Each structure stands twice: as structure tokens, then as C-alpha cells.
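Here are the chains, one letter per residue:
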Amino acid sequence: MKSIIIVHSYHHKNTEKIAHAIAETLDAPVQHLQNVNTEDLRKYGLVGFGAGIDSGKHYTPMLEFAKTLPDAKDKKAFIFSTNGVGGKKKMLRDHAALRNLLTSKGYCIVDEFSCVGFNTNSVLKYMGGMNKGRPNAEDLKQAADFANKLL
Ligand SMILES: Cc1cc2nc3c(=O)[nH]c(=O)nc-3n(C[C@H](O)[C@H](O)[C@H](O)COP(=O)(O)O)c2cc1C
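Everything numeric in this text was worked out from a predicted model, so none of it was measured.

Considerations on the site of the ligand
- Lining the immediate environment of the ligand, one finds 22 residues, of which Ser9, Thr15, Ile53, Tyr59 and Thr82 sit closest.
- One of the backbone nitrogen or oxygen atoms of Ser55 is found 2.9 Å away from an oxygen atom of the ligand.
- Between the ligand and the protein, one listed contact pairs an oxygen atom with a backbone N or O atom of Phe118 at 2.9 Å.
- Here the ligand loses 88% of its free accessible area of 650 Å² to cover by the protein chains.
- Ranked by residues supplied to the shell around the ligand, first place goes to strand S3 (residues 46-54) with three residues.
- The residue makeup of the shell around the ligand, split by class, is five nonpolar, 14 polar and three charged.

Here it is as C-alpha cells:
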């Protein structure tokens, strides 16, 4: 199945690293949000959407982008993110806004992935940040394993 990955990553490019690990396994291009022509997405059977988490949701530009997507009946999608605080339940909560937007467009969400990423938001920067060095090699391997399951 032809796949593409769309990413918005700015804080430390954490999510971009995950995007590339998934892309390598899927043999898929990675496109930055601002370069995506939404009509071109019709060519792909599987679309990955990923961004960092801010205030318990994917970054606002990703959510705004999802609102502009054309109807995608019978298209498959996966969602991923990096965050300051991990955990499966939290991931499902953090992904809810984007998941709801994508399903409202007709996407079938086949799986979701997240891991922690270096975070120097707000006062954390004065303490050296949290999750230094993440995503690390093990996180990238987990991302590749996730992509293998998608295949
Ligand atoms: C403005 C801002 C708000 C954030 N809010 C949250 C949050 O609500 N929950 C969380 O787990 N992480 C939060 N984070 C941490 C980021 O999601 C995390 O560092 C992520 O890996 C950054 O991804 P990026 O480097 O791809 O942009 C926040 C980071 C920033 C800069």
C-alpha cells in the first residue's frame, strides 16, 4: 500500500525523528505540514499524521490542517506523537482531538504510537529539561516495530 507521513515538529524535532524511523520501514516519504497538497493525499492508501503534544492535544497547526482535509472514505491512517509525559492511556487522550477530526473525514485509524521526547517547555528549560536524549535508539526501534506491524 502506498503510504505517506505528515509531520509537524518544532520544539526539538522529536516527532520528526519518529516520523523518519516509521518512514524508513514503510518506505514512505515524510512531508512537513506546510508542504502538503491535500488533494495529492488521494494517491495514498495509508497516511500517517504526527506532531508534538501541546496542552493535551497535537499541535494546533496539525489540528487545523486536519480540518482542511478532503473526504477520505476507505482511506487508512495512523496517528503518532511525542510528548513530555508518556503512557498508553494518556496517548489515547492526547490523540483524541486529531483522531476525531480524521474519523470525521472518513479515515479509518489503524493504529497509534507515541513516546516521550526532550522537553524544555517553560520552566523546564532552567532545569536542563526533561527526557533528555529522547527519543533514543530504543524509541526509534519501537517506532520501526510499530511500522512493521502496520505492514
Ligand atoms: C508549548 C508546549 C506545550 C507542551 N504541552 C505538553 C502537554 O500538554 N503534554 C505533554 O505530555 N507534553 C507537552 N509538551 C512536550 C512536547 O510535547 C514534547 O517535548 C515533544 O516531544 C515535542 O515535540 P517536537 O520536538 O516534535 O515539537 C509541550 C511542549 C511545548 C513546547
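Brief notes about the packing of aromatic side chains
- Scanning the entire structure with this criterion turns up five aromatic pairs.
- Measuring from ring centre to ring centre gives 5.7 Å for Phe78 and Phe146, while their planes differ by 70 degrees; the resulting arrangement is edge-to-face. Here Phe78 is found in strand S5 (residues 76-83), whereas its partner Phe146 is found in helix H5 (residues 137-150), with 68 residues between them in sequence. The burial state of Phe78 is the same as that of Phe146; both residues are buried.
- Through a chain of ring-to-ring contacts, the aromatic side chains of Phe78, Phe80, Phe113 and Phe146 assemble into a single cluster.
- Lying over the aromatic face of Tyr44, Lys2 brings its terminal NZ or CZ to 5.1 Å of the ring centre.

Thresholds, definitions, all that
All residue numbers refer to positions counted from 1 along the written sequence of the respective chain. Where local features are concerned, this predicted model is filtered to residues with pLDDT of at least 70; where side-chain atom pairs are given and counted, the filter is 80 or more; whole-chain, interface and lining totals use all residues. Calculated side-chain values reflect all of the structure's heavy atoms, with hydrogen atoms and water omitted. We call a residue near a given molecule or strand whenever any one of its heavy atoms falls within 4 Å of it. Between N or O atoms, a polar contact is any pair within 3.5 Å; within protein, one atom must be a potential hydrogen donor and the other a potential acceptor, and residues adjacent in sequence are included only when both atoms are from side chains. Working definition of accessibility: Shrake-Rupley area with a 1.4 Å probe, residue cover restricted to the visible protein chains. Numbered from the N terminus, helices here are DSSP runs of H or I no shorter than four residues, and strands are runs of E no shorter than two. Residue polarity follows a fixed list, in which Ala, Val, Leu, Ile, Met, Phe, Trp, Tyr, Cys and Pro are nonpolar, Asp, Glu, Lys and Arg are charged, and the others, Gly among them, are polar. Only centres within 6.5 Å qualify two rings of Phe, Tyr or Trp (six-membered ring in Trp) as a pair; their planes then separate them into stacked at under 30 degrees, edge-to-face at over 60, and tilted for everything else. Throughout this description, buried means an accessible area under 20% of the type-specific maximum (1.4 Å probe, protein chains only), exposed means over 50%, and partly exposed covers the range between. Two limits define a charge over a ring: the Lys NZ or Arg CZ must be within 6 Å of the ring centre, and within 35 degrees of the ring normal.

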